[in-house]
Amino acid sequence: MRAVVFEDVGRVAVRDVPDPRVEDPGDAVVRVRRAAICGTDLHFLHGKAPYDPGVVLGHEAVGVVEAVGDGVRGVRPGDRVVVAFDNACGACWFCRVGQTQLCEDLLMIGGGPFTGGLPGAQAELVRVPRADVNLLPVPEGVDDERALFVGDVLATGVHAAAMGGIGAGASVAVVGAGPVGLLAGAAARARGAEPVLVLDLEPRRLEVAARLGLVPVDVRTRNPQATVEAATEGRGADVSIDAVGRPEAFETAVDVARRGGTVVVVGVYAGEVAEVQLGVYWARALTLRFSGLCPVHARWGEAMAAVREGRIDPLPLVSHRLPLEEAPRGYELFDRREATKVLLIP
Ligand code: ZN
Ligand code: ZN
């Protein structure tokens, strides 16, 4: 089959690789109808996280079940499914309490050697271990492209909104209008938040924010704290969300939260260090919440329902649809921020 493989830092290619097949009784093999390029894939491209040359990339996909192992009960060949980007066991203590991102045996499709080295989903076919836990059937009335988002970025956005305890009437400020920030904003709106401001400096992304019904704030020309305060009777946001994963973004999220507010950190951190003045946090009675990876399985029900009912439409994020063969160009466009989201069509 054809697949997008990692070649070396800075280089991906489309190559012939062996078809994946059912290896364990719990496996399914899915024929991919749409795959997407994610910010995480760029980390591998840039060598920020290791990836083995020749291994298929990607973890966001929707498709049709092609084959299943003897032990699979929940899906059958022919079922349309979305793939969970984090592949959980479904049986350990963490999985049983819904914190599947903390699973004792967490794998990740296309997640590199530290998460099992599983081949990714930017391919004609993908093998999904523990299919009963990690495939979600797509209901009729939800098309492939909208469903695709439920397996990763939309579930992550819903998770951020849920962690913030966002309900009707809450004021929300999202720092960063990447796909996760935009969909966190959309999820907040779907829960009745008003206003939902999105702070970024990229005009293309801010345009998408406006199309999602969010209030775009261009931080090149406007002061984040003053703008959020002006929109919230001088208080600051009930909930702020760092959807970037850089110390400056975290600091902005803290600055724009009101006294007694909640700061949700969904942006990805590794070795970064931030200096924190504990007295300020204490005096402002802030609640800080870190997401870790998203427990997709705990959130994809809410995410899929919101899509099916039309309360969230992720499609404005999609800027490019490319044949799988053009994946290297898709990576370039996404890397240069000329694309907000690239879908690949095998
Ligand atoms: Zn992703
Ligand atoms: Zn588990």
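Everything numeric here is computed off the predicted structure, so don't read it as measured data. (Residues numbered from 1 in each chain as written. Chains lettered and ligands numbered in written order. Predicted model: local features only at pLDDT ≥ 70, side-chain atom pairs only at ≥ 80, totals over all residues. Heavy atoms only, no water.)

Some points on the pairing of strand 13 (residues 237-242)
And then number 1: Burial of strand 13 is extensive: six of the six residues sit out of reach of the surface.
And then number 2: Across four bridges, strand 10 (residues 172-175) lies against strand 13 in parallel orientation. The residue bridging V175 from the neighbouring strand is D242, located in strand 13.
And then number 3: Of the strand pairs in this sheet, strand 13 and strand 14 (residues 257-265) are connected by five bridges, and their pairing is parallel. Across the sheet, residue I241 finds its bridge partner in strand 14, namely V264. (Buried < 20%, exposed > 50% of the residue type's maximum accessible area, 1.4 Å probe, protein only. Helix = DSSP H or I, 4+ residues; strand = E, 2+ residues; numbered from the N terminus. Pairing = 2+ DSSP bridges.)

Describing helix 12 (residues 327-335)
Given 3.6 residues to a turn, an α-helix orients residues that are three or four positions apart in the same direction.
And then number 1: Regarding helix 12, the residues found buried are A327, G330, Y331, L333 and F334. Viewed end-on, helix 12 has its buried residues packed into an arc of 165 degrees, placing them on one side of the element.
And then number 2: The secondary structure elements touched by the buried residues of helix 12 are strand 1 (2-8), strand 2 (11-16), strand 3 (28-37), helix 1 (39-45), strand 16 (320-323) and strand 17 (342-345).
And then number 3: With its phi angle positive at about 60 degrees, R337 sits one or two positions after the end of helix 12. (Arc of directions from axis to C-beta. Contact = heavy atoms within 4.5 Å.)

Some points on the sheet that holds strand 13
The pairing of strands in a sheet happens through backbone hydrogen bonds and is either parallel or antiparallel.
And then number 1: One open sheet holds the six strands; their spatial order is 12-11-10-13-14-15, and the pairing between them is parallel. Where the open sheet ends on each side, the last strands, each with one partner, are strand 12 (215-218) and strand 15 (287-290). Here the strands of the sheet are splayed against their neighbours by 20 degrees on average, with no regard to which way each runs.
And then number 2: Against the sheet, helix 7 (residues 203-211) engages strand 11 (196-200) and strand 12, with an angle of about 160 degrees to strand 12. (Axes fitted to C-alpha atoms, helices over the stretch in contact; angles between N-to-C directions.)

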